[in-house]
Amino acid sequence: LGRKFSIAILDTLYDEGKMRNKELKDELNPASDSLSDTLDILEQNGLIEEDAKNKVNVSYSLTNEGHVVVEKIREISKQIN
């Protein structure tokens, strides 16, 4: 979760549901490599899952564990703000 866009990606997917890579880029405006690397790490850690119908049409969504993590982050954020 320490990567620059990790929490932003998780938070966005929590609110928006399934999103394509381009939609995440448009929403978050990260460097291209940064987004791809972070998506890979989040997927490897079981927080998001990739739905790839083909190489062009790849979308991402939160796993159940990803939903739990975002809810905990939001809960902590409420307590400190």
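The model shown is predicted, which means the values in this text are computed figures rather than measured ones. (Residues numbered from 1 in each chain as written. Predicted model: local features only at pLDDT ≥ 70, side-chain atom pairs only at ≥ 80, totals over all residues. Heavy atoms only, no water.)

Asker: It is not clear to me how the packing of helix H1 (residues 6–16) against helix H2 (residues 21–28) should be interpreted in this structure. Could you clarify?
Answerer: How two helices pack is summed up by the angle between their axes together with the distance between the axes. Across the interface, H1 lies against H2 with an axial gap of 11 Å and an inter-helix angle of 115 degrees. Overall, the two elements H1 and H2 adopt an arrangement that is roughly perpendicular. In this structure, H1 crosses over H2, and the sense of that crossing is right-handed. Along the contact surface, H1 presents Ala8, Ile9, Thr12 and Leu13, while H2 presents Leu24, Glu27 and Leu28. Tallied by class, residues from the contact of H1 with H2 come to five nonpolar, one polar and one charged. (Axes fitted to C-alpha atoms, helices over the stretch in contact; angles between N-to-C directions. Helix = DSSP H or I, 4+ residues; strand = E, 2+ residues; numbered from the N terminus. Parallel < 35°, antiparallel > 145°, perpendicular 65-115°, else oblique. Left-handed = near helix turned anticlockwise from the far one by under 90°. Contact = heavy atoms within 4.5 Å. Nonpolar A, V, L, I, M, F, W, Y, C, P; charged D, E, K, R; others polar.)

Asker: Would you explain the nonpolar core in this entry?
Answerer: Nonpolar side chains in soluble globular proteins tend to end up buried together. Judged by nonpolar contacts, the single largest core of 17 residues is most densely connected at Ile9, Leu10, Leu13, Leu24, Leu39, Ile48 and Tyr60. Residue assignment for this core shows that the elements contributing at least two residues are H1, H2, helix H3 (32–44), strand S3 (58–62) and helix H4 (64–80). If sequence neighbours within four positions are ignored, isoleucine 48 has contacts with Leu10, Leu13, Leu39, Leu42, Glu43, Tyr60, Ser61, Leu62 and Thr63. (Core = buried A, V, L, I, M, F, W, Y, C linked by side-chain atoms within 4.5 Å. Buried < 20%, exposed > 50% of the residue type's maximum accessible area, 1.4 Å probe, protein only.)

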